[in-house]
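# Results of the structural survey
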Amino acid sequence: MIARSFGVRSFSLSRNLKTFPPLKFGISKSSFHLCRNSSSASKSQENENNAVHQLGVIGAGQMGLGIAFVAAKVAELPVKIFDANPKQIEKSLAFLDTLIEKDIAKNRIRREQANAIKSRINPANDISAFASLDFVIEAVPENIDLKRKVFSELDQVVKPDAILATNTSSISITKIAAATKRPENIIGMHFMNPVPVMELIEIIPGLATSCDTIEKTQSLAKAMGKTCTQSQDVPGFIANRLLIPYINEAVIVLEQGIATPKDIDTTMKLGTNIPMGPLRLADFIGLDTCLAIMKVLHQEIGDTKYRPAVLLQKYVDAGWLGMKEV
């Protein structure tokens, strides 16, 4: 007899899946393999081996600044941040002051802590300043050619054992890694927006990513106070493979005149007990980002169900990008 509901006792997706052993999954050049913690080394030695002492961030937009802020505040790491547009650096550092003052006003940190956080974040004039760093996180716009260019340049600058992570929300880690001569040190580290608020980081190994790289990335995420999930290197990974098509469908519902934006968001918010409707969420993410991810899903998977909504493309063409306009 087939159960009529996913949630009934006889069948539940969340309860009946096989329990996997507590392993870290990595990918070797030849085949999948499992990454286990070494039993020979002490816990303190293992933590020291995985420790990041200096962090670099490429891209000083909303995501890049958020990553730098959390790294400096929670992990207490010195951070160098670079952006090809000097004015963006100035804008971001000004916004950093706003974030810190809000934390002080809400009694989350004291003034001396705020000063320490600010002292840990320093702008870089060019990526040559990243030469001695242990770990670099790229947070530039969602464009494969741009990301490959950034990684190719970083590969020639940073030390041989440095790890390069991309904050891509949908692009293949393997494709990005192919622009370097160190694919084993390349990994996806997908932060959620806004970084200071959202607890999750998706970890995405590429085809050649080493177990050591995975473990060091997980260690950094933990030091930043985040919870990790791990996905295979497929378009959209976990979060955006589920979320962005949902947002896209909401835009199609609006496009077809089925309901108003208010009714769409209210229905999903109150009817499914989520904190925010899909259209408002799209505004926070940025409509250009939503469109870019939908295009990756459509092109890479090839299924027409991932075709971007015409109205979404029109809004982006018009420069109506959501909260980015504010």
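Everything discussed here concerns the structure shown above.
As the structure is a computational prediction, the values presented were derived from the model and not from experiment.

Cut-offs used in this document
Residues numbered from 1 in each chain as written. Predicted model: local features only at pLDDT ≥ 70, side-chain atom pairs only at ≥ 80, totals over all residues. Heavy atoms only, no water. Helix = DSSP H or I, 4+ residues; strand = E, 2+ residues; numbered from the N terminus. Buried < 20%, exposed > 50% of the residue type's maximum accessible area, 1.4 Å probe, protein only. Contact = heavy atoms within 4.5 Å. Pairing = 2+ DSSP bridges. Axes fitted to C-alpha atoms, helices over the stretch in contact; angles between N-to-C directions. Salt bridge = Lys/Arg side-chain N within 4 Å of Asp/Glu carboxyl O. Right-handed = clockwise from strand over helix to strand, strands pointing away. Phe/Tyr/Trp six-rings, centres within 6.5 Å; stacked < 30°, edge-to-face > 60°. Polar contact = N/O pair within 3.5 Å; in protein donor to acceptor, adjacent residues only side chain to side chain. Left-handed = near helix turned anticlockwise from the far one by under 90°. Nonpolar A, V, L, I, M, F, W, Y, C, P; charged D, E, K, R; others polar. Core = buried A, V, L, I, M, F, W, Y, C linked by side-chain atoms within 4.5 Å. Parallel < 35°, antiparallel > 145°, perpendicular 65-115°, else oblique.

Moving on, we get to the overall build of the chain. Helix and strand content of the chain: 13 helices and 10 strands. Counting the 326 residues in the chain, one finds 43% classified as buried. Relative to all contacts within the chain whose residues are 6 or more apart in sequence, the contacts with residues 24 or more apart total 66%.

If you trace the eight strands from one edge of the open sheet to the other, you get 5-4-3-6-7-8-9-10, paired in mixed fashion. Every interior strand has two partners, whereas the edge strands, strand 5 (121–123) and strand 10 (227–230), have only one. Neighbouring strand axes in the sheet, compared pairwise and without regard to direction, differ in orientation by 25° on average. Two strands pair when backbone bridges link them, and strand 7 (residues 163–166) and strand 8 (residues 186–191) are joined in this way by three bridges, in the parallel orientation. Counted as the bridge partner of Thr166 is Gly188 from strand 8. Contacting strand 3 (55–58), strand 6 (135–138), strand 7 and strand 8, helix 6 (residues 144–157) crosses the sheet at an angle of about 170° to strand 7.

Under the counting rule described, the total for this entry stands at 12 salt bridges. The closest approach of N and O atoms between Arg111 and Glu101, which form a salt bridge, is 2.8 Å. With Arg111 in helix 5 (residues 111–120) and Glu101 in helix 4 (residues 86–105), this pair connects stretches of sequence that are 10 residues apart. One salt-bridge network, held together by shared partners, links Lys73, Asp103 and Arg108.

With that settled, consider the pairing of strand 9 (residues 200–205). Counting buried residues in strand 9 gives five out of six residues, a clear majority hidden from the surface. Pairing geometry for strand 8 and strand 9, over five bridges, is antiparallel. Of the residues in strand 9, the one forming a bridge with Phe191 is Ile201. With four bridges joining them, strand 9 and strand 10 adopt parallel strand pairing. Residue pairing across strands places Ile201 opposite Cys228, the latter belonging to strand 10. Chirality of the crossover, the property in question, places the unit of strand 9, helix 8 (residues 211–223) and strand 10 among those that are right-handed.

Right, let's get into the packing of aromatic side chains. In this structure the tally under the stated criterion is one aromatic pair. Look at Tyr315 and Trp320: their rings are 5.1 Å apart centre to centre, the planes differ by 85°, and that puts the pair in the edge-to-face class. Using a relative accessible area of 47% as the deciding quantity, one classes Trp320 as partly exposed.

You can see Lys226 is positioned in the loop between helix 8 and strand 10. On a C-alpha basis, the gap between Lys226 and Phe191 in space is 9.2 Å, while along the polypeptide they are 35 residues apart. Every residue in contact with Lys226, bar those within four places of it in the chain, is listed here: Val70, Val195, Pro196, Met198, Glu199, Ile201 and Ala221. Within the structure, the side chain of Lys226 is placed 2.6 Å from the backbone oxygen of Val195, a separation counted as a polar contact.

This part takes up the packing of helix 9 (residues 239–255) against helix 11 (residues 278–285). The N-to-C vectors of helix 9 and helix 11 enclose an angle of 120°; their axes lie 9 Å apart at closest approach. Where helix 9 crosses over helix 11, the two elements pack in a sense that is left-handed. In this structure, helix 9 uses Leu243, Ile244, Tyr246, Ile247, Ala250, Val251 and Leu254 to contact helix 11, whose residues at the interface are Pro278, Leu279, Leu281, Ala282 and Ile285. Counted by class, the contact of helix 9 with helix 11 contains 12 nonpolar, no polar and no charged residues.

Turning to unusual backbone geometry, a few remarks are in order. Here the residue pair Asn193 and Pro194 is connected by a cis peptide bond, since its omega of 0° sits within 30 degrees of zero. Here Pro194 lies in the loop between strand 8 and strand 9. We note that Asn273 has phi near 60°; this positive angle belongs to a residue other than glycine. Overall, the relative accessible area of 71% leaves Asn273 in the exposed class.

Grouped together as the largest cluster of nonpolar side chains are 42 residues, with contacts concentrated most on Leu55, Phe135, Ile137, Met189, Phe191 and Leu220. For this core, the leading source of residues is helix 3 (residues 62–73), giving eight residues. Setting aside chain neighbours within four positions, we find Met189 in contact with Phe135, Ile137, Ala165, Thr166, Asn167, Ile201, Glu202, Ile203, Thr217, Leu220 and Ala221.

A few words now on the packing of helix 11 against helix 12 (residues 287–301). Their axes nearest at 6 Å, the elements helix 11 and helix 12 cross at an angle of 100°. The angle between helix 11 and helix 12 places the two elements in the roughly perpendicular class. Every residue of helix 12 that contacts helix 11 at Ala282, Asp283 and Ile285 is listed here: Leu287, Thr289 and Cys290. In terms of residue class, the contact of helix 11 with helix 12 is made up of four nonpolar, one polar and one charged.

A few words now on the environment of Ser132. In this fold, Ser132 is placed in the loop between strand 5 and strand 6. Along the primary structure Ser132 and Gly56 are separated by 76 residues, whereas in three dimensions their C-alpha atoms are 9.8 Å apart. The contacts of Ser132, once residues within four sequence positions are left out, are Gln54 and Lys159.

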